Amino acid sequence: MEAIVGLKALERAWEQAREGVVLHAEERVTYLNPEAARLLEVARERVLGRPLMLALRDHRLERLCREGGQARLELRGRYLWAKAVPGALLLLDQTAELQRLEALEESSRVLAHEFRTPVAGMLSLIEALQQGLTKEQEQEVLGLILQEAQRLRRLVEDLPLNRLPGQERTFAFEELRPRLERFLAPQLAERSAWITWKIPHTVRANPDAVYQALLNLLDNALKYGPGGEVIVESGQDEQGVWLEVRDFGTPLGDYEPLFQPGKRGYHAASVRGSGLGLALVRRLAAGWSGQAYGKAWEGGNAFGLRFPYDRG
């Protein structure tokens, strides 16, 4: 009697378990709990007493039940950990856990990329100080180092990445121009390039986020473009305000894949980079409910940002 009560209690526990439980004998299903039915995508009443393969519907699970052991495998869009012991198969859905780990890894890569820009800028400015500057130049360089240090502090304060970075306000694109020109001065000189600005518009967003996105677009144009003139232009249409960085390189053809983490164009093979710049731009644009895009224009390539009207 006590054994029967114990078995009923055990079955009640199985019915509520977050692990899938499949019991079998002579290669036929004798029991499976609701979680196992969900993971295997079968109806319990249709597989009880039937051949085990009808419930498993996967040769890897069938072999595991026959040979014993454990494995992690992808099954019908889920990632499962499976362990087989004589007469039983245990299943645990690890999909959410693995997705969280992948999201954490991606966020770590994006964060490292976002920190790299101000750190690289500060290092180059410190090297300039060490080489000797006039008093006036020293004060300007120290001011730039202070700006980048403050931006690093804001990045730290704005962790984690799934939260909007910093405070939004209404500001003019022109406000970002002096800081961008000073920061990009060494690259512009190295590439014999210059920036033509046509940015009369005002938007509501986080200025630091827009600065970082625009800096990444300009950095890409200088790295991968042909040099010479780079145009930064803003405009508006029925959807909102747009801001584009245009170069005079050969049109790329397919732009959308370049916004995926780690993806780089064929023209980037000889240029050092992580392939995260445009992915970060898209993430930043999503923070102000905007978009990031790439397209060809009559002179070459354009990469842009959109700011919807309902954001002010």
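Cut-offs and rules
- Residues numbered from 1 in each chain as written.
- Predicted model: local features only at pLDDT ≥ 70, side-chain atom pairs only at ≥ 80, totals over all residues.
- Heavy atoms only, no water.
- Salt bridge = Lys/Arg side-chain N within 4 Å of Asp/Glu carboxyl O.
- Buried < 20%, exposed > 50% of the residue type's maximum accessible area, 1.4 Å probe, protein only.
- Phe/Tyr/Trp six-rings, centres within 6.5 Å; stacked < 30°, edge-to-face > 60°.
- Helix = DSSP H or I, 4+ residues; strand = E, 2+ residues; numbered from the N terminus.
- Lys NZ or Arg CZ within 6 Å of the ring centre and 35° of its normal.
- Expected span 1.5 Å × (residues − 1).
- Polar contact = N/O pair within 3.5 Å; in protein donor to acceptor, adjacent residues only side chain to side chain.

**Some details on the pattern of salt bridges**
Once their charged atoms are close, side chains differing in charge can pair, the charge on each being opposite to the other.
And then number 1: For the structure shown, the criterion picks out 16 salt bridges.
And then number 2: In this structure, D58 engages R60 in a salt bridge whose closest nitrogen and oxygen atoms are separated by 3.0 Å.
And then number 3: Overall, R60 belongs to the partly exposed group, its relative accessible area being 28%.
And then number 4: Ionic pairing is found between E244 and R246, a salt bridge with its closest N-O pair at 2.8 Å. Accessibility assignment for this pair places E244 and R246 in one class, buried.

**A word on the packing of aromatic side chains**
And then number 1: Going through the model one piece at a time under the given rule, you end up with seven aromatic pairs.
And then number 2: Ring geometry for W288 and F307: centres 4.8 Å apart, planes at 5°, overall stacked. With W288 in the loop between α10 (277-287) and β11 (291-297) and F307 in strand β12 (residues 300-308), this residue pair connects regions lying 19 residues apart in the sequence.
And then number 3: The buried category is assigned to F307, whose relative accessible area is 4%.
And then number 4: An aromatic cluster of at least three residues, connected via ring pairs, comprises F171, F173, W288 and F307.
And then number 5: Note that R179 overlies the ring of Y211, its terminal NZ or CZ placed 3.8 Å from the centroid.
And then number 6: Over the ring of F259 we find R282, and its NZ or CZ is 4.3 Å from the ring centre.

**Let's talk about α10**
And then number 1: In terms of residue burial, α10 counts as a mostly covered element, since eight of its eleven residues are buried.
And then number 2: Listed in full, the buried residues belonging to α10 are G277, L278, A279, L280, V281, L284, A285 and G287.
And then number 3: Within two residues after α10, S289 carries a phi angle of roughly 60°, on the positive side.

**Some words on helix α9 (residues 207-224)**
And then number 1: Taking 1.5 Å of rise per residue, 18 residues should cover 26 Å, and α9 covers 25 Å from first to last C-alpha, within 8% of that figure.
And then number 2: In terms of burial, α9 is largely enclosed, as 16 of its 18 residues are buried.
And then number 3: Put simply, N206 is the residue that caps the front of α9, since its side-chain oxygen is 3.1 Å from the backbone nitrogen of D208.

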